[in-house]
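Here is what each chain is made of, one letter per residue.
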Amino acid sequence: MHDLGYFRSHLDAIAERLATRGFQFDVSAFRDLDVQRRAALTEVEQLKAQVNSESQAIGKLKKQGADTSELQITVRALGDRIKSLDEKVKEVDETFRSQLAGIPNVPHSSVPTGKTADDNLEVRRWGTAPKFDFEPKPHWDLGPELGILDFDRAAKVTGARFVVYWEAGARLERALMNFMLDTHTRHHGYTEILPPFMVNSASLYGTGNLPKFADDLFKIDKHDFWLVPTAEVPVTNLFRDETLDVEKLPICLCAYTPCFRSEAGAYGRDVRGIIRQHQFQKVELVKFTRPEQSYEELDKLTADAEDILQRLGLPYRTVVLCTGDMGPSSSKTYDIEVWLPGQNAYKEISSCSNYEAYQARRANIRAKSSKSKADHVHTLNGSGLAIGRTWVAIVENYQQADGSILVPEALQPYVGSDRIAAQPSKSFRP
RNA sequence: GGAGAGGUGGCUGAGUGGUUGAAAGCACCCGCCUCGAAAGCGGACUUACUCGAAAGGGUAACGCGAGUUCGAAUCUCGCCCUCUCCGCCA
């Protein structure tokens, strides 16, 4: 959400920047609505002021023993007018606010202008794609063959776009989770959080998932609870409606959660394998920073996510999203894309964004020192990393001619072996 | 899930339906005092929206929402949360 005062006084410049991300902002319609809203507010507030002062007068008169019944009748009439005007104000105000809330963030000046993912800019590339003297397989073949992925039973137990990991497959997922959390807490200075996996709607409004993206979420029946689509939601909302000590910034948190997404609108995309599931696991990085340090912290956060891939020896490239490809809340986003031999392509494995104060205004997260006034913090987050896709990257990049998977050295203590071969339980699974 | 108690400013904590946006204390901030500090003294001390060139006004907010009333922190109803006891449960 934009700061109203600033927004109003920079309308044209902001509209111009928003156009670069394909958002056509009707400045004059906004101005009209703004004027309309303020006129309605002024009118009803003047009436309320009148009621207040006359009510006070009634109180005084009554104390003196005077008869106030006639005055009460006139004030009562005012009250009726206020009631109907209030409804109008509420309507205009809600339209205005929802419109304001629907206006995307302004892209940072360093973000390349563009329309689609094709216009994203590669900023660096790390590692080299492995060379195979055989035809590398995609994970949706390797997984079932090794007995570590089971799509059929997941479909039976729950439905499409779910998966069961077996044995070393399950252990690899768990190993990645621990490896990521350990690396971020021991080497990158993050504090570990284990948040609830369900959140209320106020939290989802705070991060901007509601009201616009309700279709992407799973809602719990009979409760105001939703399954988290990412740990960003509970972790960012830890400090909703709080004023932090500016000296404690930046606050760097990391959290493991499963993530639940309905993937409405993504039917037909990535249907094979575990690239796009209704449930996946992720370690998320979240930062709360001072405004002047947020871009430096974004670069660090992105590097922290990349470090996981480097330690695992997985080739990747990092791109900066162009204006047209960024999420609406973001001022600047880096995507990290890992190399997947089975698909002969780089695939997004992390998305690292600086929301500046856009999200903090929504969630009302501020910081102050003893001498300064409270100001909204900047919020940042990024995957560090999506565990399922990291699992895929390991399986596909480290596959051997015999169908087994080598385990990267950094992960071996976590997995407990240096190789994943066909699993024993395959023999008794019909 | 049932019964009871409670939710007031950064914290503690007053608050008979009528100058209470809110006493008092603490904390924080600015002065004075001091070589410096503490103590003491004086002052300042919520936020959002809105009117105004400014000075300065106005509206709203005492968990959230609705209601009663000329007027609600105070009364009524619903919901949420915390605490105690009971039940259930990993």
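As the structure is a prediction and not an experimental result, all values here were calculated from the model.

Undergrad: Explain the sheet that holds strand β8 (residues 251-260) to me, using residue names and the numbers behind them.
TA: Backbone-to-backbone hydrogen bonds pair the strands of a sheet. The strands run either parallel or antiparallel. Pairing within the open sheet is mixed, and its eight strands lie in the order β1-β10-β11-β12-β15-β9-β8-β4. Bordering the open sheet on either side are β1 (121-126) and β4 (191-193), each of which pairs with just one other strand. Neighbouring strand axes in the sheet, compared pairwise and without regard to direction, differ in orientation by 25° on average. Here strand β11 (residues 332-340) pairs with strand β12 (residues 345-354) via nine bridges, running antiparallel. Its bridge partner lying in β12, Asp-335 is registered against Ser-351. Sitting on the sheet, helix α10 (residues 294-311) touches β1, β9 (279-289), β10 (316-320), β11, β12 and β15 (378-386), and the angle it makes with β15 is about 5°.

Undergrad: Outline the packing of aromatic side chains, listing residues and values.
TA: Here the structure, examined in full by the defined rule, presents eleven aromatic pairs. Judged by centre distance (5.2 Å) and plane angle (75°), the rings of Phe-7 and Phe-30 are edge-to-face. Taken together, the residues Phe-7 in helix α1 (residues 4-9) and Phe-30 in helix α3 (residues 27-63) connect sequence positions 23 residues apart. Of the residues examined, Phe-7 reaches a relative accessible area of 0% and is grouped as buried. Between Trp-339 and Tyr-346, the ring centres sit 5.1 Å apart and the planes meet at 65°, which makes this aromatic pair edge-to-face. Connected via pairs of aromatic rings, a cluster forms that spans Phe-7, Phe-23, Phe-25, Phe-30 and Phe-96.

Undergrad: Please set out the protein's contact with RNA strand B residue by residue, giving values where relevant.
TA: The full set close to RNA strand B counts 20 residues, and Glu-45, Asn-52, Ser-55, Val-75 and Arg-76 are the nearest of them. In the environment of RNA strand B, a phosphate oxygen lies 3.3 Å from a nitrogen or oxygen atom belonging to the side chain of Arg-38. Those elements giving two or more residues to the surface near RNA strand B turn out to be α1, α3 and α4 (69-101).

Undergrad: A description of the nonpolar core should follow, citing residues and the corresponding values.
TA: Judged by nonpolar contacts, the single largest core of 50 residues is most densely connected at Leu-172, Leu-176, Trp-391, Ile-394 and Leu-411. With seven residues, helix α7 (residues 167-187) is the single largest residue contributor to this core. With residues up to four places along the chain from it excluded, the contact list for Trp-391 reads Ile-148, Leu-149, Tyr-165, Gly-169, Leu-172, Glu-173, Leu-176 and Ile-274. Counting 16 residues, the second largest nonpolar core, distinct from the first, contains Leu-244, Val-246, Leu-249 and Val-377.

Undergrad: Give me the layout of surface pockets: which residues, what numbers.
TA: To find the voids left in a structure, one rolls a probe of water-molecule size over its atoms. Estimates place the volume of the second largest pocket at around 400 Å³. Listing elements by their share of the lining of the second largest pocket, those giving two or more residues are α2 (11-19) and α11 (358-363). The dominant element in the lining of the second largest pocket, judged by the number of residues it contributes, is α2, at three residues. Its residues assigned to classes, the lining of the second largest pocket shows eight nonpolar, five polar and four charged. Lining the lining of the second largest pocket are residues from two domains, each supplying at least three of them: domain 1 (4-102) and domain 2 (117-420).

Undergrad: Give a description of the sheet that holds strand β7 (residues 242-245) that names residues and reports values.
TA: Here we have three strands laid out as an open sheet, ordered β7-β13-β14, and mixed in their pairing. With partners counted over all chains shown, the strands left at the sheet margins are β7 and β14 (375-376), one partner each. Where strand β13 (residues 365-368) and β14 come together, two bridges link them in antiparallel fashion. Its bridge partner lying in β14, Arg-366 is registered against His-376.

Undergrad: Explain the pattern of salt bridges to me, and be specific about the residues and the numbers.
TA: Once their charged atoms are close, side chains differing in charge can pair, the charge on each being opposite to the other. For the structure shown, the criterion picks out 23 salt bridges. As a salt-bridge pair, Glu-297 and Lys-300 come within 3.4 Å of each other at their nearest N and O atoms. Placement of both Glu-297 and Lys-300 in helix α10 is noted, with a separation of three residues, approximately one turn of the helix. Several salt bridges converge on common partners, so that one network encompasses Glu-122, Arg-125, Arg-317 and Glu-337.

About the cut-offs
- Residues numbered from 1 in each chain as written.
- Chains lettered and ligands numbered in written order.
- Predicted model: local features only at pLDDT ≥ 70, side-chain atom pairs only at ≥ 80, totals over all residues.
- Heavy atoms only, no water.
- Pairing = 2+ DSSP bridges.
- Helix = DSSP H or I, 4+ residues; strand = E, 2+ residues; numbered from the N terminus.
- Axes fitted to C-alpha atoms, helices over the stretch in contact; angles between N-to-C directions.
- Contact = heavy atoms within 4.5 Å.
- Phe/Tyr/Trp six-rings, centres within 6.5 Å; stacked < 30°, edge-to-face > 60°.
- Buried < 20%, exposed > 50% of the residue type's maximum accessible area, 1.4 Å probe, protein only.
- Near = heavy atom within 4 Å.
- Polar contact = N/O pair within 3.5 Å; in protein donor to acceptor, adjacent residues only side chain to side chain.
- Core = buried A, V, L, I, M, F, W, Y, C linked by side-chain atoms within 4.5 Å.
- 1 Å grid on protein atoms, 1.4 Å probe; cavity = no way out; pocket = protein on both sides within 12 Å on 5 of 7 lines; lining within 4 Å.
- Points joined across faces, edges and corners; volume = space filled by probe spheres on them.
- Nonpolar A, V, L, I, M, F, W, Y, C, P; charged D, E, K, R; others polar.
- Domains from an automatic or database assignment.
- Salt bridge = Lys/Arg side-chain N within 4 Å of Asp/Glu carboxyl O.

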